[in-house]
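# Tertiary structure, described
The residues making up each chain are set out below.
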Amino acid sequence: MLFSSLIFLVVFLPCVLFIYYALLRKHRHLQNCFLLVASLGFYAWGEPWFVLVMFLSICCNYGFGLLVDKHRHDRKKARAVITLSLVFNLGIIFIFKYLMFTLENINALTGAEITVPEIALPIGISFFTFQAISYVIDVYREKGQVQRNLLNVGLYISFFPQLIAGPIIRYEVVSEQIMNRRETFDDFSLGVCRFLVGLAKKGLLANAFAVVADKAFAVATTDYCSVSFAWLGAIAYTLQIYYDFSGYSDMAIGLGRMFGFKFPENFNYPYISKSCSEFWRRWHISLGSWFRDYVYISLGGSRVGKGRLVFNLLVVWFLTGLWHGANWTFICWGLMYFVLISIEKVTGWEKRLSRIDDKKVNAIAHVYTMFMVILGWVFFRAETIGDALTYVSIMFGNSDVAFFDKFFIGFLKENAVYFFFGLLFCAPVARKIRAWVEDKIGEANPLVSAVYTVLLIGGLLVTMAYLIKGAYNPFIYFNF
Amino acid sequence: MTLSGYRTFLLRHIRGVNLRNLFKEHRKEKITAIAFIIVIYVMMIGMVTTTEDLGEGFLLNYRLKVPTGAPVIERLKGAIESAEQAVNEGAYQRQNYVELYGLAQLAMGKHAVIDYNYGALYKTRDGQTTFSVQEERYIDDAANATYPLVNGLIHEGVDFLYVQLPFKVQPAKFGGDRELPVYVHDYANENADRFVETMRAANINCYDTRDEFFGSGLSMKELFFKTDHHWSIKGAFLGTGLIANYLNENYDFKIPEGLYSEENFVMTTYPKSFIGSMGRRVGRIYGGIDDFTLYSPDFETDITVTKIEGVSEVTTRGAFEDVVLEMQYIDDPDPTTNRYAVYHGDYQELRFVNNLVDNDNSVLIIKDSFGLPVYSFLSLGIHEVRAIDMRIFEKNVLEYAAEYHPDVVILMYNCDSYVDPMFDFNM
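Keep in mind the model is a prediction, meaning the values are calculated, not measured. (Residues numbered from 1 in each chain as written. Chains lettered and ligands numbered in written order. Predicted model: local features only at pLDDT ≥ 70, side-chain atom pairs only at ≥ 80, totals over all residues. Heavy atoms only, no water.)

### Let's talk about the overall build of chain A
For clarity, the threshold we go by: Strands are runs of DSSP state E lasting at least two residues, helices are runs of H or I lasting at least four, and both sets are numbered from the N terminus onward. Only C-alpha atoms enter the radius of gyration, while the globule expectation follows 2.2 Å times N to the 0.38, with N the number of residues. The cut-offs for exposure are 20% and 50% of the maximum accessible area for each residue type, with area from a 1.4 Å probe on protein chains only; residues under the lower value are buried, those over the upper are exposed, and the others partly exposed. Here, Shrake-Rupley sampling with a 1.4 Å probe gives the accessible areas, and only protein chains in the shown set may cover a residue. All tallies of charge rest on Lys and Arg as positive and Asp and Glu as negative; His and the ends of each chain are not included. Note on charges: their place is set at NZ of Lys, CZ of Arg, CG of Asp or CD of Glu.
Across its full length, chain A carries 20 helices and zero strands. For 480 residues, the compact-globule estimate of 2.2 N^0.38 gives 23 Å, and chain A sits close to it at 23 Å. Counting across all 480 residues of chain A, residues that qualify as buried make up 56%. Summed over all atoms, the accessible surface of chain A reaches about 20000 Å², with 66% contributed by carbon and sulfur. Positive and negative charge centroids in chain A, built from 43 and 32 side chains respectively, lie 7 Å apart.

Shown next as structure tokens:
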């Protein structure tokens, strides 16, 4: 089930809210049980069989949590439990996500003819498995109380707002909130508004850019594509993935808040970054911080010699690329950031930049960052390395292509409004407009309330119109 | 409950809640949250209480998706998809949402409207809504399927004629390449060109109506509906006249000269009364609404119509207006009614016998939906007209034609009919 689907908006969510608040209001334990059941039902709706995989993950990690808590003072045993939990959790991901890729590459490299089984990928497995790993390690590190109640572990791992597409919520963040959260009308309202913003981002903006991006990538590999249309498609995908992913995160954070959970931010206007390092502090923050805290720092982090630093970065960025999907394109994409961020760190690029207060230099830094980000997204989107290289070669004008063509003119004209608002809201423009309005007119002014409500509810109605019409609503997390 | 009862109920439940304090902070967010709750609950309750056949819709979708005896997992997935589809189809105020969608597209100046379930719809430069044929059809299969039918008919002494009907996008020489958004290439006319060329290369008689049709001087707004993929009744009337002339000139038919002139017909226009197939998908705000002009003969008629559906055979005799026209499609006030079907459609077999016309000509028309008005109008000038549609006709066409033995078998398709099962003649 998707948040941006009619059945979620008009069946699932109203029913869950009603039961949670009207029927189970005074029973926290029952509320948690209900949310767990609802979450498992939410997952089973899209993955009837794979809900069993999630159930197995919940049970095993519950056990690992208890064991690591019991043996925390025996370092050897505790490490053994953690190792076992890593083998189990990473083993699940490996089998469902990477086994086919591994066998195919072994066959390609060695000429072997190992039978490659057809294994379907459970949606969201990368997200909930990383959360499960986080649970065990955070319990060991005493960053969260072990859960003696299996249902609470289940709720943490499978809670439907962040189940399919994150953010990856660390256990230390929610451990207290599982039993001791407090739902308020303020939080509920802020959650609703956040959800509506995310829904509009996904339903109105991201899906529109998807049409352009899909066409550009299709014609680039099968037909004829001009330089300008290749760039338009790459920019469209850049916007699509941002609004889709950040929109989904907004919806997840908003939904969590509706039930009293406060999740950390996952995106912070990444396209205003002036370095790739900064980009990754603003993009998919939960993943970046997960790798930083559980892999990078465990390897020694930055407090090592340059050689070891580069090695640590290589491991992290290789894994980051690999996490996104079992394809060499994702690995290439991750390694691209390894190269760029290593150069930035070794040369001290960011520190030097922060000392220069020059608009031109900042603009150049921004253009460089976005240039690399857009190129990276081409690899991320392409089916194969070959397709990615073909696409990039078109972007840089190989000998056979024209600069303009009817696709560029037509798609730009058709989607001008989307591109305008899409590019505009990549920067914190809405926030600045809101702050200016509240400053000039006053937040308490009824006109401000009216315009705000009309915009968000209007966005909701239009998005529902798009959903009812069966407008294009791609799901891009199938690799995760 | 009385008004004072409601007041007591509310006060009991919000006792201790100071409304002024409640809305002191985050007022706009709270108002928005209340509005959101109202919307989703109205949608849910409205869907459950007003959609009469929500459950039936689910079961119908389920039976179409899931074969009997399917494994459990497939049945479960089928049930889930069917439930989602039923909720979508049963959405409260669905048509108003379609209109809102159209309004959003109009506000953004969109000429392409993507309907995930149907494909893209385009607004032409004349403001008409159409779909586009996005790919070259493999017309060889259609041609190869036609040859045995033609050869068989020759063997039986029955003439064959392929009539190429137009499509809502004009051929390039009439400016069709500039009708759609610049990045859209429509293949309908190219597919038709190749098919006609293939037929002619095989010495099969073909009449391509497109040149005369689009060269008639009538505008696209006159020739085609704005909101439907079909030609207008005026367009179909023009097409019928062209076909009648061709039959007279090339097959020695005796259709009365000048029969298909508007002087001989009564045109009754029902203004702003028809939202066709395209319009239903994009809404009235975006797509507009058509006038519907009904053509009926202004002379005496006496026609016997036989409608055959499986073993059921219903025969009626009377004037054209009484037996050929199915007026319920006109009388229904709902503009989304398929008014085009007034000229008879969706029967496995239709037989028209004109009891007054002064000839003994007979035709068998293998048609698509563009043929509906054509065979109805042709029945005014030809003694016997039979019409079959390969999507629902189940008999062997060659055997049927051999038994009927018309003067000519006409295969009559628009430019987007080179698909299964249009060329499956059950041979």
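### Some remarks on the nonpolar core
This is how the line gets drawn: Among buried residues, the Ala, Val, Leu, Ile, Met, Phe, Trp, Tyr and Cys ones that are joined through side-chain atoms within 4.5 Å form a nonpolar core. The contact definition used throughout considers only heavy atoms, calling two residues in contact when any of these lie within 4.5 Å.
Core analysis: the biggest nonpolar cluster contains 227 residues, and A:F8, A:F160 and A:F195 have the highest contact counts within it. The biggest single contributor to this core is helix α9 (residues 227-258) of chain A, with 18 residues. The residues contacting A:F8, other than those within four sequence positions of it, are A:M1, A:L2, A:F3, A:L13, A:P14, A:F42, A:F160, A:F195 and A:L255. Counting 56 residues, the second-largest nonpolar core is a separate cluster that includes B:F292, B:Y295, B:I303 and B:F377.

### Examining the sheet that holds strand β10 (residues 349-354) of chain B
Residues and elements named next belong to chain B. For clarity, the cut-off: Two strands make a pair as long as DSSP finds a minimum of two bridges between them. Geometry is summarised by axes, namely lines fitted to C-alpha atoms with helices restricted to the contacting stretch, and by angles between N-to-C directions that run from 0 to 180 degrees.
Spatially, the eight strands line up as an open sheet ordered β5-β4-β13-β11-β12-β10-β8-β9, and their pairing is mixed. If you trace the sheet from one side to the other, it starts and ends with β5 (206-208) and β9 (312-318), each paired once. Sheet twist, expressed as the mean angle between neighbouring strand axes with direction ignored, is 15 degrees. Direction of pairing for strand β8 (residues 303-309) relative to β9: antiparallel, over a ladder of seven bridges. Looking at the pairing, V305 lines up with T316 of β9.

### Thoughts on the interface of chain B and chain A
Many descriptions give the size of an interface as the accessible area lost when the pieces come together. Applicable threshold: Summed over both partners, buried area is the accessible surface (1.4 Å probe) that two parts give up on being assembled. By salt bridge we mean one thing: a side-chain nitrogen of Lys or Arg within 4 Å of a carboxyl oxygen of Asp or Glu. Between N or O atoms, a polar contact is any pair within 3.5 Å; within protein, one atom must be a potential hydrogen donor and the other a potential acceptor, and residues adjacent in sequence are included only when both atoms are from side chains. Classes in brief: Ala, Val, Leu, Ile, Met, Phe, Trp, Tyr, Cys and Pro nonpolar; Asp, Glu, Lys and Arg charged; the others, Gly included, polar.
Contacts between chain B and chain A engage 49 residues on the former and 55 residues on the latter. A buried area of about 4800 Å², summed over both sides, lies between chain B and chain A, and 73% of it is on carbon and sulfur atoms. On the chain B side of the contact with chain A, B:K28, B:F36 and B:Y183 bury the most area, a combined 16% of that side's loss. At the junction of chain B and chain A, the tally comes to three salt bridges. B:K28 is the partner of A:E438 in a salt bridge, and the nearest nitrogen-oxygen pair spans 2.8 Å. In this assembly, chain B and chain A are joined by 15 residue pairs in polar contact (both at pLDDT 80 or more). Elements supplying a minimum of two residues to the side of chain B that touches chain A: α3 (27-50), α5 (72-89), α6 (94-107) and β1 (112-115) of chain B. The dominant element in the side of chain B that touches chain A, judged by the number of residues it contributes, is α3(B), at 17 residues. Across the side of chain B that touches chain A, the residue classes tally to 31 nonpolar, seven polar and eleven charged.

### So, the sheet that holds strand β2 (residues 119-123) of chain B
Residues and elements named next belong to chain B. Taken in spatial order, the three strands of this open sheet run β1-β2-β3, and their pairing is antiparallel. Whereas interior strands pair on both sides, the edge strands pair on one side only; in this sheet they are β1 and β3 (129-131). The average angle at which neighbouring strand axes cross in this sheet is 30 degrees, direction not considered. As defined by bridge partners, β2 adjoins β3 across three bridges and the pair is classed as antiparallel. Along β3, the bridge assignment pairs Y122 with T130.

### Remarks on the pairing of strand β7 (residues 290-297) of chain B
All names here are of chain B. The buried count for β7 comes to six of eight residues, which makes it a mostly enclosed element. Pairing between strand β6 (residues 265-274) and β7: seven bridges, direction antiparallel. Bridging from a neighbouring strand, V266 pairs with S296 of β7.

### Digging into a positive patch on the surface
All names here are of chain A. The cut-off we apply is this: Only residues whose relative accessible area exceeds 30% and that form no salt bridge are eligible for patches; like-charged ones are grouped when within 9 Å, while nonpolar side chains (Val, Leu, Ile, Met, Phe, Trp, Tyr) are grouped when within 5 Å.
On the surface, K345, K351, R352 and R355 cluster together into a positively charged patch. A total of three residues in the positive patch trace back to one element, the largest contributor, which is helix α14 (residues 349-355). Tracing the sequence through the fold places K345 in helix α13 (residues 328-347).

### Some remarks on a nonpolar patch on the surface
Residues and elements named next belong to chain A. On the surface, V417, F420 and F421 cluster together into a nonpolar patch covering about 260 Å² of accessible area. With respect to the helices, strands and loops of the structure, V417 is situated in helix α18 (residues 416-424). Relative accessible area serves as the criterion here: at 31%, V417 is assigned to the partly exposed category.

### What about the pattern of salt bridges?
Residue and element names in this part refer to chain B. The tally for this structure, following the rule as stated, stands at 37 salt bridges over all chains. Note that K395 is salt-bridged to E349, the shortest N-O span being 3.6 Å. Residue K395 is found in the loop between β12 (384-388) and α16 (397-404), and its partner E349 is found in strand β10; the two are separated by 46 residues along the sequence. Relative accessible area serves as the criterion here: at 1%, E349 is assigned to the buried category. Salt-bridge contacts for R391 lead to D389; the nearest nitrogen and oxygen are separated by 2.8 Å. Linked through salt bridges whose partners overlap, the residues forming this network are E349, R351, E384, R386 and K395.

### Some points on a negative patch on the surface
On the surface, a cluster of negative charge is made up of B:D140, B:D141, B:D420 and B:D424. For B:D424, the position within the fold is in the segment after β13 (408-413).

Note that every value here comes from positions in space, so none of it alone points to a role or purpose.
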